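One-letter residues, chain by chain:
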Amino acid sequence: MASFNRVIIDRAALAHNYRYLRAKAGDGVRFMAMVKSDAYGHSMIHAVDVLSAQGCDLFGVAEMNEAVALRDTGCGGDIFVFVGFDHAEVDYFYTHDLTPVVFSVEDLSAISKGNKKFNTTLDVYLKFDCGMGRLGFDPKQAGQVFETCESLAIKPAGIMSHFPCSDDRSSDHSRQASETFFRISGGDIQASHGNRMKASICNSGGILYHPYAHGDMVRSGISIYGYYPDGGAGQQPGENGLRPAMSLMTRVIQTKNVPAGAGISYGHTYITDRPVRLAVLPIGYSNGYFRTMSNKAEVLIGGRRAPVRGRICMNMCMVDITGMEGVEIGAEAVLMGSQGKETIDADQIGIWSDTISYEVLCSLGNNNRREFAP
Ligand SMILES: *Cc1c(COP(=O)(O)O)cnc(C)c1O
């Protein structure tokens, strides 16, 4: 059944963003679309469908269950599992032709057993922590890691790392991290190890702001979905750049006039200072519309900005439509997207809710009914 709340995913925008980023990555660089967390709320299956049609053949997810689900839809590209795996489930790498990103000796042992069981040699990517302080082997231990691989007859097809600050173009950190990283892939260790391994460190920020670090493969998430990792500060005026792919609308379910001095919503955190006209919208924090935006956010109604008044409830919120002629029950309200000349994007919602576009997209996309525009 339908819902008043509709997330619309613009498939043409996803395709455009892919082509834009693919060109930025440069020739000879493989391009991975990160589709974890149901493609940042955009639907993994639909995003992969659009991107595959554009020629993308490389996808990244967090967990094994996402990878298996994706393969089971018939996806023919390479699928990488980034956030480890339960060793009891190692068989899926072989049965579903998936690629592990490995960051511990225990993982390597589990894969060594899998290789024997399936009588094959899986391509494995080794993750190094070059300053993120998250997953990965210590780059100083790279030599030992490669030796362990050799002793277990494991084939490292490539190495990976992740930038912590690539959204900051002026920070020197990315250059240092990439130097540490490419020393592993380019140095003696590599030479003593036969074939040159593929190297990949760039996320969207790396692709856009640190082209010297593209290496053999780049991995884009947020920018596929139409956002700059630094919240738009990187956008050149007039550049035909990224296009946000997700929008969210709902409908007015009641309008009412309230007098001056009336308290609105739980806790009466908003008291009217004059007579106002309110619209009630059937969307709240259970739809991913963060409660921290109470008394801060705005929505678009009749092409104008209507401020949220009082606390955002679980399934509802109230907005001020004083002076907006003709706004009646059933009127469209845009929470994210454009209406008339006005636009509200995930960066703006991130400012109101003290978070980033990434979380806004996951939260709104994964908690509402989605529709897919051609
Ligand atoms: C999510 C993720 C990315 C994509 O990052 P964006 O900033 O969204 O482009 C790249 N690499 C890894 C390991 C990730 O987890």
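Please refer to the structure higher up on the page.
Below: a short report on this structure. Everything quoted here is computed from the prediction, not taken from an experiment.

### Let's talk about the overall build of the chain
Phase 1 of the analysis: Looking only at helices and strands, the chain has 12 helices and 20 strands in total.
Phase 2 of the analysis: By its C-alpha atoms, the chain is 80 × 45 × 40 Å across when sized along the principal axes.
Phase 3 of the analysis: Put simply, of all contacts in the chain between residues at least 6 apart along the chain, 65% involve residues at least 24 apart.
Phase 4 of the analysis: Working note: accessible area of the chain is about 16,400 Å², and carbon and sulfur atoms make up 48% of it.
Phase 5 of the analysis: Charge separation in the chain, taken as the distance between the mean sites of 35 positive and 40 negative side-chain charges, equals 5 Å.

### So, the packing of aromatic side chains
Phase 1 of the analysis: Scanning the model with the defined rule gives 10 aromatic pairs in all.
Phase 2 of the analysis: Taken together, a centroid distance of 5.2 Å and an interplanar angle of 85° make the contact between Tyr18 and Phe31 edge-to-face. Within this pair, whereas Tyr18 is found in helix α1 (residues 11–25), its partner Phe31 is found in strand β2 (residues 30–34), the two being separated by 13 residues in sequence. Both residues of the pair, Tyr18 and Phe31, count as buried.
Phase 3 of the analysis: Grouped by ring-pair contacts, the aromatic residues Tyr40, Tyr225 and Tyr358 constitute a single cluster.
Phase 4 of the analysis: The cationic tip of Arg175 hangs over the ring face of Tyr212; the distance from NZ or CZ to the ring centre is 4.0 Å.

### Remarks on the pairing of strand β10 (residues 246–251)
Phase 1 of the analysis: Extensive coverage of β10 is indicated by the burial of 5 of its 6 residues.
Phase 2 of the analysis: Direction of pairing for β10 relative to strand β18 (residues 332–339): antiparallel, over a ladder of 4 bridges. Paired with Met249 across the two strands is Val334, which belongs to β18.

### Observations concerning the environment of Met336
Phase 1 of the analysis: For Met336, the position within the fold is in strand β18.
Phase 2 of the analysis: Relative accessible area serves as the criterion here: at 0%, Met336 is assigned to the buried category.
Phase 3 of the analysis: For the pair Met336 and Ile283, spaced 53 residues apart in sequence, the C-alpha to C-alpha distance is 12 Å.
Phase 4 of the analysis: With residues up to four places along the chain from it excluded, the contact list for Met336 reads Tyr227, Met246, Ser247, Leu248, Ile344, Asp345, Ala346, Ile349, Val360, Leu361 and Leu364.

The rules behind each value
- Throughout this document, residue positions are counted from 1 along each chain, in the order its sequence is written.
- At least 70 in pLDDT is required for a residue's local features to be given in this predicted model, at least 80 for side-chain atom pairs to be given and counted, and no such filter applies to totals for whole chains, interfaces and linings, which use all residues.
- Think of the side-chain values as coming from all heavy atoms in the structure, minus any hydrogens and water.
- Secondary structure is summarised from DSSP: a helix means a run of H or I of at least four residues, a strand means a run of E of at least two, and numbering begins at the N terminus for each.
- The contact rule is simple, with two residues in contact once any of their heavy atoms fall within 4.5 Å.
- Accessible areas in this description were obtained via Shrake-Rupley with a 1.4 Å probe; residue shielding takes into account the shown protein chains only.
- The positive count covers Lys and Arg only, the negative count covers Asp and Glu only, and His and the chain ends enter neither.
- Where a charge lies is defined by one atom per residue type: Lys uses NZ, Arg uses CZ, Asp uses CG and Glu uses CD.
- We call Phe, Tyr and Trp rings a pair once their centres come within 6.5 Å, taking the six-membered ring for Trp, and we label the pair stacked below 30 degrees between planes, edge-to-face above 60, and tilted otherwise.
- Only protein chains enter the accessibility calculation, which uses a 1.4 Å probe; a residue whose area is less than 20% of its type maximum is buried, one above 50% is exposed, and one in between is partly exposed.
- Two limits define a charge over a ring: the Lys NZ or Arg CZ must be within 6 Å of the ring centre, and within 35 degrees of the ring normal.
- Note on pairing: DSSP must find at least two bridges between two strands before they are called paired.

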